[in-house]
Amino acid sequence: MTARTTARTGRGERARFVAAHTLPALVRGFVSARPGAARGHAGPGRPRWSAATLRALRERHGGAPVLLRGLGGTVLLILDPRDMRQFYAEPVGSLAPPATGTDGCAHAGFRVERRAVDDSVLATGQSVHPSCGAFLSVLADEARRLTAGGSLEPARVRYVVARAARRIVLGDAAAEDVELGRRLGRSHDRAGARIAAYADLAEPHTLVGRARRHTDPLGRPDGLGPDQVGQVRQWLAAFDLVPGVLLRTLLLLGAHPAEQEAVAAEARAAGSARGAAPGALPRMRACVRESLRLYPTVPDLIRITRAETEWRGVRHPAGTRVLLPVLFHQRDPDHVPAAHVFVPGRWASREADRDVRMAPFGHAGGRCPGEQLGLLVTAALCAEVLRGHRVRPVRPLLDPLGPLPAALDPQNIRLRLTRR
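Residues numbered from 1 in each chain as written. Predicted model: local features only at pLDDT ≥ 70, side-chain atom pairs only at ≥ 80, totals over all residues. Heavy atoms only, no water.

**Thoughts on the packing of helix α11 (residues 242–255) against helix α16 (residues 371–388)**
Alright, step 1. At their nearest, the axes of α11 and α16 sit 10 Å apart, and the two run at 45° to each other. By the angle class used here, α11 and α16 are oblique. By crossing handedness, the relation of α11 to α16 is classed as right-handed. Residues V242, V245, L246, T249, L250 and L253 of α11 lie in contact with α16, whose contacting residues are V377, T378, L381, C382, V385 and L386.
Alright, step 2. Class assignment of the residues belonging to the contact of α11 with α16 gives a composition of ten nonpolar, two polar and no charged. (Axes fitted to C-alpha atoms, helices over the stretch in contact; angles between N-to-C directions. Helix = DSSP H or I, 4+ residues; strand = E, 2+ residues; numbered from the N terminus. Parallel < 35°, antiparallel > 145°, perpendicular 65-115°, else oblique. Left-handed = near helix turned anticlockwise from the far one by under 90°. Contact = heavy atoms within 4.5 Å. Nonpolar A, V, L, I, M, F, W, Y, C, P; charged D, E, K, R; others polar.)

Next up, the structure:
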């Protein structure tokens with residue numbers, strides 16, 4: 001049996017990859033952190049350039065994983081769905097996210113005890129959280145601020161979601177603490193002390209209230225140790241992704257009036273139908289999933305192997321960085337039907353949730369533990385808006401029949417609200 005050799009890129013391919021994929025991704029992160037800065041370098045055409053570059057690499061190398069030297073060092077680039085299955089199937093202990101937390105919500109690499117607490121608090125895998133009723137009350141209360149005017153703009157959405165996040169994670173006492181969000185990124189000690197103070201006042205249904213029922217991994221009972229304070233910080237930070245998802249989903253529904261009317265009817269009927277679970281909203285959740293397929297919050301996943309692994313018959317040493325371009329795969333017309341079109345109905349099948357080509361929340365052991373809670377929060381906020389209002393796009397204007405833009409900057413989204 002002839003030993004296989006690793007596919008490698010040439011200098012020209014490396015330069016095109018860095019120019020079309022790596023640099024735009026870095027700039028998009030810079031722009032999202034500093035709205036209005038360098039916007040021209042992360043425009044809607046850049047992801048299409050990246051997709052063309054990745055498609056050319058796949059064709060030239062027959063779909064095999066390709067070793068490529070980028071700005072951050074050498075990575076093994078996954079270009080074919082057959083290898084995506086292995087990427088997700090590897091044990092979490094073998095494939096772990098880098099220290100930068102590229103995966104966002106994935107909890108790979110956490111201690112077993114911490115993952116167990118995280119899963120319990122977030123009710124991982126449960127479509128309706130045990131604190132669903134209390135959370136829905138908070139979201140309904142905060143959503144009144146979303147619909148108070150005749151328009152929906154990013155600043156208002158961020159403010160409302162941040163208030164809801166503090167109430168859901170820390171309790172009503174933290175609702176007005178706008179400064180806490182700023183301190184999360186500046187001072188670990190000060191933010192930690194503030195979180196611990198709110199934990200003492202937190203209602204039992206809050207995430208921190210549920211966390212206090214568990215013994216801290218370091219042995220401190222009935223309180224928040226450093227490990228759990230860090231996890232609370234991560235829960236609060238995860239809510240920062242919700243405004244962008246919310247705005248994109250409502251924009252897509254604004255461009256698809258028939259689907260908007262269907263989810264509005266579901267929102268009005270929520271809880272009234274016999275046997276319906278409050279907060280389930282399956283059709284609305286499908287729209288959120290489809291929005292995340294088209295515009296994932298994390299366009300690339302990166303893992304660092306902790307053991308020697310084999311990819312397509314080629315062995316790679318421990319410490320290999322493996323990059324999965326999620327946005328490329330979820331929008332790949334060669335493997336995903338209607339790849340550039342808003343089709344929330346595709347999520348009606350249970351098989352869609354296990355399809356490795358589409359991974360809004362990841363798969364297997366690295367799947368986001370807050371998936372169902374994130375869907376509950378985003379779908380509920382969308383439902384609160386649509387229950388009494390119609391959403392009409394002001395900008396950008398999308399073509400519901402043609403291919404959707406490759407990127408949608410939530411900072412540029414403006415929506416008009418009219419009463420039903």
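More follows now that the structure is in view.
**What about the pattern of salt bridges?**
Alright, step 1. On inspection of all chains with the given rule, the structure shows 29 salt bridges.
Alright, step 2. A salt bridge links D83 to R312, with the shortest nitrogen-to-oxygen separation between them at 3.0 Å. Here D83 is found in helix α3 (residues 81–89), whereas its partner R312 is found in the loop between β7 (309–311) and β8 (314–316), with 229 residues between them in sequence.
Alright, step 3. The class of D83 is buried, set by a relative accessible area of 4%.
Alright, step 4. Measuring nitrogen to oxygen at the nearest pair gives 2.9 Å for the salt bridge that ties R145 to E142. (Salt bridge = Lys/Arg side-chain N within 4 Å of Asp/Glu carboxyl O. Buried < 20%, exposed > 50% of the residue type's maximum accessible area, 1.4 Å probe, protein only.)

**Let's talk about the packing of helix α12 (residues 257–269) against α16**
Alright, step 1. Relative orientation of the contacting elements α12 and α16 amounts to 100°, with a least axis distance of 8 Å. Comparing their axes, α16 and α12 come out roughly perpendicular. Of α16, the residues touching α12 (which contributes Q260, V263, A264, A267 and R268) are A383, L386 and R387.
Alright, step 2. Split by residue class, the contact of α12 with α16 holds five nonpolar, one polar and two charged.

**Some thoughts on the pairing of strand β9 (residues 321–324)**
Alright, step 1. Of the strand pairs in this sheet, strand β3 (residues 73–77) and β9 are connected by two bridges, and their pairing is parallel. From the neighbouring strand, L77 faces β9, where its bridge partner is L323.
Alright, step 2. Across four bridges, strand β6 (residues 301–305) lies against β9 in antiparallel orientation. Directly across from I302, in β9, lies its bridge partner L323. (Pairing = 2+ DSSP bridges.)

**Focus on the state of the cysteines**
By definition, a disulfide links the sulfur atoms of two cysteine residues through a covalent bond.
Alright, step 1. Applying the stated criterion across every chain, the model contains zero disulfides.
Alright, step 2. With no disulfide of its own, C287 has C382 as its nearest cysteine by sulfur position, at a separation of 8.3 Å.
Alright, step 3. With a relative accessible area of 0%, C287 lands in the buried category. (Disulfide = S-S within 2.5 Å.)

**Remarks on the packing of aromatic side chains**
Alright, step 1. One pass over the full model with this rule turns up one aromatic pair.
Alright, step 2. Taking 5.4 Å as the distance between ring centres and 90° as the angle between the ring planes, the aromatic pair formed by F87 and Y88 counts as edge-to-face. Taken individually, F87 and Y88 each receive the classification buried, so the pair is uniform in this respect. (Phe/Tyr/Trp six-rings, centres within 6.5 Å; stacked < 30°, edge-to-face > 60°.)

**Topic: the layout of surface pockets**
Alright, step 1. Reported here for the second largest pocket is a volume of approximately 410 Å³.
Alright, step 2. What lines the second largest pocket is a set of 15 residues, and nearest its centre among them are P282, R285, R289, W347 and Q372.
Alright, step 3. Those elements that provide at least two residues to the lining of the second largest pocket are α13 (282–294), α15 (350–353) and α16.
Alright, step 4. Considering every element that reaches the lining of the second largest pocket, the biggest residue donor is α13, with four residues. (1 Å grid on protein atoms, 1.4 Å probe; cavity = no way out; pocket = protein on both sides within 12 Å on 5 of 7 lines; lining within 4 Å. Points joined across faces, edges and corners; volume = space filled by probe spheres on them.)

**Details of the environment of V232**
Alright, step 1. Checked against the element boundaries, V232 lands in helix α10 (residues 226–238).
Alright, step 2. Through-space distance from the C-alpha of V232 to that of L170 is 8.5 Å; in sequence the pair is 62 residues apart.

**Digging into the nonpolar core**
Side chains that are nonpolar tend, in soluble globular proteins, to be buried together.
Alright, step 1. Within the largest apolar cluster, 72 residues are counted, with the highest numbers of intra-cluster contacts made by L170, L207, L250, M284, V377 and L381.
Alright, step 2. The element contributing the most residues to this core is α16, with eleven residues.
Alright, step 3. Residues contacting M284, with those up to four places away along its chain left out, are T249, L253, V263, E266, A379, C382, A383 and L386. (Core = buried A, V, L, I, M, F, W, Y, C linked by side-chain atoms within 4.5 Å.)

**Quick look at the side chain of H329**
Alright, step 1. Structurally, H329 is set in helix α14 (residues 326–330).
Alright, step 2. The class of H329 is buried, set by a relative accessible area of 3%.
Alright, step 3. Aside from chain neighbours lying at most four places away, what touches H329 is I78, L79, D80, M84, L324, V336 and R357.

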